[in-house]
Structure formats: structure tokens, C-alpha cells
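Each chain is listed here by its residues.
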Amino acid sequence: MGTVSSALGRRSVRITLAVLAAVVLLAAPLLLPAFANQTLVRIGVYAVAVLGLNIVMGYTGQVNLGQIFFVGLGAYVTAYGVNQGWNIVVVFIAACVSAGIVGLLVALAAARLGGLAIAMVTIALPIVGVPLAKRLDEFTGGSQGISARFSDAPEWSGLYNDQWQFYIVLVVTAAAFLLARSLVRGKYGRAFAVVKENEAVAASMGISPYRTKVLAFTIASIFGGASGFLYLAAVQYTSPETLSFGHSISLLAAMVIGGAGSIAGSLLGGAYYIFVPQLTNAIDPNLTTLSQGAILLAVLFLLPGGLVSLPRALRRLGRRRSGRPMSGNPPKTAPAPSPVPEAALEGPDNKERQDRP
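Okay, so let's go over this structure. (Residues numbered from 1 in each chain as written. Predicted model: local features only at pLDDT ≥ 70, side-chain atom pairs only at ≥ 80, totals over all residues. Heavy atoms only, no water.)

With respect to empty space enclosed by the protein
Argument step 1. Applying the stated rule across the entire model yields one cavity of 30 Å³ or more.
Argument step 2. Put simply, the largest cavity is a space of about 50 Å³.
Argument step 3. Lining the largest cavity, in full, are Gln62, Val106, Ala107, Ala110, Ala111, Ile118, Lys213 and Phe217.
Argument step 4. If you tally residues by element for the lining of the largest cavity, the top one is helix 4 (residues 88-110), at three residues.
Argument step 5. Residues belonging to the lining of the largest cavity are distributed by class as follows: six nonpolar, one polar and one charged. (1 Å grid on protein atoms, 1.4 Å probe; cavity = no way out; pocket = protein on both sides within 12 Å on 5 of 7 lines; lining within 4 Å. Points joined across faces, edges and corners; volume = space filled by probe spheres on them. Helix = DSSP H or I, 4+ residues; strand = E, 2+ residues; numbered from the N terminus. Nonpolar A, V, L, I, M, F, W, Y, C, P; charged D, E, K, R; others polar.)

What follows is the structure, encoded as C-alpha cells:
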């Protein structure tokens, strides 16, 4: 009975916290200034991209250095669909599906070859994507980029543009995180974990490592396309610079610092992607890259599990300072040996040994 009541208590606490978080998020854009809303919108944009990267790298253990390519592809498809007058729901689906198809083709070609092959192919994606976007100027606007406005607040809403954009990003981001949480906690998440640990064991259990890696990479690409849609909703402009390889490395660093293999860590990674460059630029624009590298090394050294492991590290530190064992139970000590009675030492055998010359 105690265990059941404890579980019910934890569940009620989680539900209460989820309701409070939903209320805060719904009320926040109405209370915050425009700059704060725009900052939170950008965090949501890149949190979805980091979430997709986390699925393929953090949960499945595959290398993906080209996630920014799918973000840029989703942004370009969104801009093209908006300028062609497509329905916005169709535009969102097109951004996700196009990124997913390209990701599927890449995964089918590279997943069978091993981790290094996937790494080389994904490195090539943004490197090839930038000149390709410049050449396809009829669809992409060339080097000048392309703009599209579709996230202005309608008159019936009574909201400002930044508030309306906040709600668009909130709906898509919340749906993405809920879907990802359901995915990694279900049978596919268990398959991802087994493939990450040992592909031979996965195959012996009837799990195809090849299909699992293809699935994870395709899902990550779809999340990248959704992030590209949100990016255009927030910025309303995209260019070949969106696809640059440097942004892909920044997404990778954000995933590692937030916490690999963690849904909440993806959200922290999105916040890192936005806040840390602003902080380092404010300190010294000439040392931005050096400062970001120092922050990355410091976090990896102090918190190997990323920022998401900070509460666990603090609890561990508190237990050490209080002198309590890590498990919370008193330490077990070996029982002291019982003293041997003197009568035993003076038994017949000992007396016989003593009597011998």
C-alpha cells in the first residue's frame, strides 16, 4: 500500500507541475516584452533541432554532423510554399516530409556502412547545401536569400506579432517534445538503446540495427524540417548562411552541453544555443569563439552528463558534505571477529604439543 500511495503521490506532483508549466507558458507572452518573447521563440526553434539530433546521437549512438542542413531545407520549403500561396498546414507538412525524405535517402545509403561513413556523409550535407542553395536561385533566391511572411498576428486574435509567433512555436515545440518522449519511452526507444549499446546483441534479439538507425536518422531529419518551419516563422527570412557547417557544430555542442540522451537536455541545449553567443559577444566580441570553447570544456569537465545532470550532481555533493552515504542507508561494516576463548587454546592438541620435547 505504501508503494502504491507513493507512486500516486509522485504522479499527482508531476501532473500538477505540468499544469503549472502550461499555465505559465500560455500566460508568458501576454506579460513579457517583445524582446523576451522573441528570445523564447528562438529557443523553441533550436530546441526542436537539438531534439532531433539527440534522437539520432544521444539515444541511438549514431553520428550526425549535418542536422543544420535539414533545418535549412525545411526553411526553404516553407518560404517557397508561403510565396506560392499554399495553406500553412500544407506548408508545415511539406517542410517535415521533404526533410524526412532526404534524411531517409541519406540514411539508406550510409547507415549500412557504419558510423564513420554516416559522419562523412552528414559533414558533406551542409558543405554541399550552401553552394546548391546559391545556384537554385529560382527557388531559393540565390545568395540574397528569400523572405516569406506568414506569422503576422491576424486581426481577430487581438495579439501582437511576437505573441502570435510565440504561440505558433509553442504548439509545434510542445507537440515535438511530447512525441519524442513517447517515442523514446516505447519499444522504439528500447530498440534505440540496445543498438547504441551493442549492435550484435540487438541483432540476436531480433532488432535490425540497420532499420533502427535508418528510422532514427529519418525521425531526426523530420524534426529538423519542423525546426526550419519554426525558424521561418520567427525570422521570416532564410539564406544559404542558414545551412553553414558552423551552425551544425553549434547544434552538436548545444546537444552535448544540454545533455545527450535527454529530452529535457534538448530544451537546455536550445537555451544554450541562444544565450551563450549573446553572453560571449557582450563580454568581448573578439573572443566569442574562444569563450564558447572554454564554456564547452568547463561543462564537459564538471558535468559530463550535461546541464541536465546538474541537480543530480548537487545532490551528490550535498550527501558528501553531510557525511551520509550515497544510497542514504547506513554503511555496512564487516562484523568484528569473535575472540577465541583461552580454553580452546589449551585444548588436548595444544597440551600434547607443549608436552613434546
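A few points about a positive patch on the surface
Argument step 1. A contiguous patch of positive charge, built from Arg10, Arg11, Arg14, Arg181 and Arg185, is present on the exposed surface.
Argument step 2. The leading source of residues in the positive patch is helix 1 (residues 2-31), at three residues.
Argument step 3. For arginine 11, the position within the fold is in helix 1. (Patch = residues over 30% accessible without salt bridge, like charges linked within 9 Å, V, L, I, M, F, W, Y side chains within 5 Å. Areas by Shrake-Rupley, 256 points an atom, 1.4 Å probe, with all protein chains shown as cover. Salt bridge = Lys/Arg side-chain N within 4 Å of Asp/Glu carboxyl O. Lys, Arg positive; Asp, Glu negative; His and termini not counted. Charge placed at Lys NZ, Arg CZ, Asp CG, Glu CD.)

Focus: a nonpolar patch on the surface
Argument step 1. Together, Ile88, Val89, Ile93, Val97, Ile101, Leu104, Leu105 and Leu108 give the surface a local cluster of nonpolar side chains, amounting to about 670 Å² of exposed area.
Argument step 2. Topologically, valine 89 is positioned in helix 4.

Some details on the nonpolar core
Argument step 1. Judged by nonpolar contacts, the single largest core of 75 residues is most densely connected at Phe223 and Leu251.
Argument step 2. Secondary-structure elements contributing two or more residues to this core are helix 2 (34-59), helix 3 (67-83), helix 4, helix 5 (115-135), helix 7 (161-184), helix 10 (209-235), helix 11 (245-258) and helix 12 (263-283).
Argument step 3. Ranked by residue count, the leading element in this core is helix 2, at 14 residues.
Argument step 4. Core analysis: the second largest hydrophobic core is formed by five residues, Val194, Val195, Ala202 and Ile207 among them. (Core = buried A, V, L, I, M, F, W, Y, C linked by side-chain atoms within 4.5 Å. Buried < 20%, exposed > 50% of the residue type's maximum accessible area, 1.4 Å probe, protein only.)

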